Structure formats: structure tokens, C-alpha cells
Amino acid sequence: MSQITIHCRLVAKEASRQYLWDLMAKLNTPFINELLAQVREHPDFEQWRQVGKPKAGVIATLGKSLKSDPRFIGQPARFYTSAIHLVEYIFKSWLKLQRRLQSQLDGQKKWLEILKSDEELTQLSDLSLDEIRTKASDILTNLTPQAEALPTKSIKKTKKEKKTKEGLSLSKLLFDAYQKTEDLQIRSAIAYLLKNGCKLPSQKEDSKKFRQRRRKAEIKTQRLTDQLEGRLPQGRDLTGQRWLETLIMACTTATTDPNQVRSWQDKLLTHSQILPYPIDFVTNEDLIWSKNEKGRLCVHFNGLSEHSFEIYCDQRQLKWFNRFFEDQQIKRESKNQHSSALFTLRSGRIGWQEGSGKGEPWNLHYLVLYCTLDTRFWSAEGTDLVRQEKAGEITKRLTTMKEKGDLSEQQESFVQRKNSTLIRMANPFPRPSQPLYQGHSHILLGVAFGLEKPATVALVDGLKGKAITYRSLKQLLGKNYNLLNLQRQQKQAQTHERHKAQRKGASAQFGESELGQHIDRLLAQAIVQVAQSYHTGSIVVPKLGNIREIVQSEIQVRAEEKIAGSIEAQKTYAKEYRVNIHQWSYGRLIENISAQATKLGIVIEEETQVIRGSPQEEAKVMAIAAYHARIHT
């Protein structure tokens, strides 16, 4: 994607700020809270959980019915639309995550059912270990030809990669065979193969290592179960009513259930949201740009046309806001001979940023505008590239509709509008010339993440399957490498302060310094500079996926190995280990890399990072895998 988001402060008269705060805090946020509650209580909600998404149109219907509720009347139409879209996004994301977690939990439970020690397998099957091995050998003989016959992509692979592919195919066949049979002896033989990597082991099972492996699987299962039992989306309690109700319940209810007590404590110590939900303006003509008598750039919003907001931003972003004004000005002066489909601005969002001190909330907090833009529209060459893409999509759609014939009046109107758009898109905006970034598609930059080293880079030639060069974390940061140790020290100090607050029963939420974000930007800038200097076609970043669960399980198993018996001591060790080693926001780092690469037009690809070998090797393997996946998709 070539889209980035910039933001600025909005400055307006106090009456305008108060009016907007009242709309957002007293009408729109309660509207969203009520809509969230109705979706949670919908009779088909459990069915939606099973399929992983709500039924199309249901949330919009619920939202439209709430518009006439006296509690929410008086909002601009854009505010209702924004609220409905936000609730749809919240539940689509939440339900999709729940389905993924449920799928992972089901798979983990099946694996726990299969994962048994040699002693347990002999007792279950009433066979000796030698007899289980004989049956397992027969099963391998029967299934191996089937695994080799499974269709595979024609990619040139190393011997190691071929063995891995065959192992995956054989593993799937073994799992299927285990589920289909009820014979305990056959099941035991299949389980014996699966836990040993689909082959007959040459050495006797190490009981200690097996217990560690089993315990790791149990930890992952429990973590997935806890996540599935997480609470439903509740909305924002700006009045503090839910917090007060929890306090009253905790003070007046006698209970011995530790889970209930922990739930109350979590709610009471959690910092409540004090800012209303933002408002989205999804079309680029919902924002009207102008300049006041002082020459300062201003913006009006559809539904709030009586109120003007001045733009306050830094010099790096001012050029973009001026471009938004210029695009709209050119369209007005040409009497709509240009198309808004080629506006640099794509969408906008207004929200509040938390301030400090005392006073009325519209004076205390800051009003912020977020704008999403397409960087390709900055130059004439990039604009023409997007114009060709959009024109091709419209033409294809119109051709499909015309082939159907017998169009309705509404469809005819749609065709007429699209034809008009095509004509206006042929009239380009006057923009500066700037050659597009030209990278070599077979040159990729892999970025591997690690526990101790947040990022390691490998520059790879996909055609040859070889690494050109590597960059370590120290090489990427250069003279700023000392900031990494400083950031870790700050994290440790913050964790210590949080621990002291928890022991006192006080709020344990502290603000975080921006040093980590600064290091992310430095890393992202260095990574993109390496990619640019070698004319890289794309940057490959890891799919985060289950990295948190994997890391957490490994840390907990490590704690149980170091400290036997004492659960509290294990928790303390795991916490200290996380503080010293795993303290990095990988998602934030990926966002920074994407933002920097997008400005130049460098493509971002995602690939699964396999935890094996050195960080350099992991980055190399990931980049090569992305190249193979791309050319054979």
C-alpha cells in the first residue's frame, strides 16, 4: 500500500470546541455504546461467533433504528454513519480474532490428546514399545507414497526444504488417519510417529524433555482458553458509571472466588477512557479546505459547516495539507472538470488527544485531525499510474454491467456517473514531475525479529537464493546503538514502579517515554536506506501471528526448568526475564518500516518467520520464501 496517515492540531473558537465535544461525548459515544450493547445481546450472536463475522446488514439496521431514539437525536448524518462503521469494524475484528483463537485452541487440544509418553502409549494400546514401532513402520510404509504424490508447487528447493515439505504432507495424512480410526493400537502407533516428527526415533525417549514438551503445550492451551474468555467489547464509559458500580459491588458483596476478586481489581485499577470516540469522514470531499484572512489554512466538515478549524502542523506535513487545499481549489476553478478520485487526500478523522490539568474538557483536551493520503499522488508520474489503475477498474466494471443488458434505472444512473468520472479523470491535475522508484523485483530485504535483537536484516538475491549482505542491529543503529540499552533500563525502571504500585493496590498504568518510538523510527529509516541503496524490490517483514504466545510459552517453560516447585518464584523469574529480554513492540516497528517504505514506493511483503538458526539466517530464509511465494502465486 502507498497510503500513509498524517495528523495535525485543530484550533477553533471555544464555542466550536464545546459544540463538537458535546456532540461526540454526549450523543455519539453513548450511541456507539448502545449499539455495541444491542449487538452483544442479538439472538444470533453465538452463531456469528461460530462463523467469525456478523450477518451482513444487521449492525447497520440496528444503527438506523437507533437514530430515532430521543437520547441520540441531533447528530449530523456523518456522525451516525461513522458510528455504525466503527461498530461494524469492532465486531468484525473481534469475531474474526475469536474464531482464529478457537481454531488454534481446538488444534492445540487435539495435539494434547495425541501427545503421550512412550509409557502411556504402551499402557493405552496394551502393546510393547517394539510392537508399537512395528505398527508405526507399517503405517509409514503405506502413507509415504501418498505423501509424495500430493501436489506441490514447482519451486526449486534444497534437499532440506524438500524434506520439510514431505514431512508436512505426511504429518497431515497421519493426523487425518488418527481422527478417522477408533483402533487404540493404530492410534498409539500414529501418535508415536507424530510426536517424533513422522519418523521412527533411533534413541530412547528422554522423559524429562517429554514432560517439558507436554507442559509447554498445556501452557499454550491455557493461554488460548484465557484469551477466549476475554470480555466482549463494552464501549467507553466517559461518566465513570461502570467503575462506580464495580466499586459498590466489590464493597457490598462477600465472595471467596479469587477469579471474581481479580476481575473487580482489574476493572478498578484500569484507567478508564475519558475521551469520546473519533468521527470518520470516509470520502475526501467531506473536508472543505480554505484559507482565512491571515492566510492560514482552515478546514470545514460536512455536517459542521458553520464551524471553522485552523490547521496547526509542522513543516514536514504542511506540504500535504497545502496539497489538499490546492486539489480542491483546482477542481472548483475548473468547474468540476477534474475528478476527486485523483485527490491526494483519501479520508479524514477527527478525535481528541488527552491533555493534563483542570478545566472544561473542550479546553483541557486537544482536537486532532488525522488524514489518510496516497503518496503516489504527489507527482505527475505517480498520479498517472493511479489514474490508469482506477480507469481500468471502472472500465472492467462497466463492461461487465453492459454485457448483462436490461439495466434498471438505478444501474443506468450508475453507468452514467462512472462514464462521467472517466472523462474527468482524463484531465490530469498539474503536479511536479518526479521519477518513480524502480527496484529490482528479485532483490529482497528480509527483516527478522528476535528476543534479544529487535531487528536483523538480510539482503537477498531471490534468483540465486543467496544473501548479498547482512546488517546487524548495531550496524543499523550505528552511533545511536547506546539508546537501546537506555530504553531497556527505562523499561526495567517502569516495571519496578508498576510492581510497587500493584503491591499498594494503586493504579499500575504509567505513561511510556517516546524513546522506544524514536528507536523504531531510526531502525526503520536505516532499513529503508539499505533497501533503497541496493534498489530492493520489496522489504519482507514477519507475520506476527502467534509470536506472543510462542514467546510466552518458551519463557514459562524456561522458568519451570530453572525453578522447580514454587509457582510464585517461577512467575517472578519469568517477569524478570521478560523485562531483561523481551521488551519490544514489533507491531509498532513494522508500522514505522511500512510508513518509511511507502513514501518511496517500496513494497512491503509478509512472510512467516521460522525460529531456527541465527537471526541472519532467519532473515535470509524468510526473504527467499517470500520470493518463491510471490512468483508462484
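Counting restarts for each chain: residues are numbered from 1 in the order of the written sequence. Only residues with pLDDT of at least 70 are given local features in this predicted model, and only at 80 or more are side-chain atom pairs given and counted; all residues enter the totals for whole chains, interfaces and linings. Excluding hydrogens and water, the side-chain values take into account all heavy atoms of the structure.

## As for the pattern of salt bridges
So, step 1. A carboxyl oxygen of Asp or Glu within 4 Å of a side-chain nitrogen of Lys or Arg is what we treat as a salt bridge. Inspection of the entire model under this criterion finds 21 salt bridges.
So, step 2. Two residues, Glu389 and Arg376, come together in a salt bridge whose shortest N-O distance is 3.3 Å. Remark: Arg376 occurs in the loop between strand 7 (366–374) and helix 14 (380–404) and Glu389 occurs in helix 14; sequence separation between them is 13 residues.
So, step 3. Accessible area is worked out with a 1.4 Å probe on protein chains only. A residue is then buried under 20% of its type maximum, exposed over 50%, and partly exposed in between. Glu389 sits in the partly exposed class, given a relative accessible area of 39%. Elements are defined by DSSP. Helices are runs of H or I of four residues or more, strands are runs of E of two residues or more, and each kind is numbered from the N terminus.

## Side note on the sheet that holds strand 11 (residues 536–542)
Consider a sheet: its strands pair through backbone hydrogen bonds, and that pairing is either parallel or antiparallel.
So, step 1. Whether two strands pair depends on DSSP finding at least two bridges between them. Pairing is mixed across the open sheet formed by 5 strands, whose spatial order is 10-9-8-11-12. Of all the strands in the sheet, the pair left with one neighbour each is strand 10 (466–471) and strand 12 (603–607). For this sheet, the mean angle separating the axes of adjacent strands, direction not counted, is 30 degrees.
So, step 2. Where strand 11 lies against strand 12, 5 bridges are found, and the strand directions are parallel. Residue pairing in the sheet places Val541 in a bridge with Glu606 of strand 12.
So, step 3. Sitting on the sheet, helix 18 (residues 515–533) touches strand 8 (440–448), strand 9 (456–461), strand 10 and strand 11, and the angle it makes with strand 11 is about 145 degrees. Axis lines are fitted through C-alpha atoms, for helices just across the contact stretch, and the angle between N-to-C directions can take any value from 0 to 180 degrees. Any two residues whose heavy atoms approach within 4.5 Å at even a single point are treated as in contact.

## Comments concerning the confidence of the model for the chain
So, step 1. Taken residue by residue, the chain gives an average pLDDT of 86. The fraction at 70 or more is 88%.
So, step 2. Across residues 152–167, where pLDDT falls below 50, the model places 11 contacts with residues more than four positions away in sequence or in other chains. A score from 0 to 100, pLDDT tells how confident the predictor is in each residue.

## Details of a nonpolar patch on the surface
So, step 1. A cluster of nonpolar side chains, namely Trp243, Leu244 and Ile248, defines an oily patch on the protein surface of about 280 Å² accessible area.
So, step 2. Along the chain, the position of Ile248 falls in helix 10 (residues 241–252).
So, step 3. For Ile248, a relative accessible area of 48% corresponds to the partly exposed category. To count toward a patch, a residue needs a relative accessible area over 30% and no salt bridge; like charges are then connected within 9 Å, while nonpolar side chains (Val, Leu, Ile, Met, Phe, Trp, Tyr) are connected within 5 Å. Accessible areas in this description were obtained via Shrake-Rupley with a 1.4 Å probe; residue shielding takes into account the shown protein chains only.

## Points about the sheet that holds strand 3 (residues 287–291)
So, step 1. Spatially, 2-6-7-1-5-4-3 is the arrangement adopted by the 7 strands of the open sheet, whose pairing is antiparallel. Pairing within the sheet leaves two strands with one partner each, and these edge strands are strand 2 (279–281) and strand 3. Neighbouring strand axes in the sheet, compared pairwise and without regard to direction, differ in orientation by 35 degrees on average.
So, step 2. When strand 1 (residues 3–11) meets strand 5 (residues 309–312), the two strands line up antiparallel, connected through 3 bridges. Opposite Val11, over in strand 5, you have Glu310 as the bridge partner.

## Overview of helix 14
So, step 1. Between its first and last C-alpha atoms helix 14 spans 36 Å; for 25 residues at 1.5 Å apiece the expected length is 36 Å, and the two agree.
So, step 2. Residues of helix 14 that are buried include every one of Gly382, Thr383, Val386, Ala391, Ile394, Leu398 and Met401, and no others.
So, step 3. Looking at the buried residues of helix 14, the elements they touch are helix 15 (409–425).
So, step 4. At the C-terminal side of helix 14, Gly405 shows a positive phi close to 70 degrees. Helix span, expected: 1.5 Å multiplied by one less than the number of residues in the helix.

## Some details on the pairing of strand 9
So, step 1. Of all 6 residues in strand 9, 6 are buried, a share of seventy percent or more.
So, step 2. Of the two faces of strand 9, the one carrying Thr456, Ala458 and Val460 and the one carrying Val457, Leu459 and Asp461 are both buried.
So, step 3. In this structure, strand 8 lies alongside strand 9, joined through 6 bridges in antiparallel fashion. In the strand pairing of strand 9, Val447 is matched with Val457.
So, step 4. Sheet topology places strand 9 next to strand 10; 5 bridges connect them, and they run antiparallel. Residue pairing for strand 10: Val457 is matched across the bridge by Arg471.
So, step 5. Two successive antiparallel strands, strand 9 and strand 10, enclose a turn made up of 4 residues, where Gly465 displays a positive phi of approximately 70 degrees.

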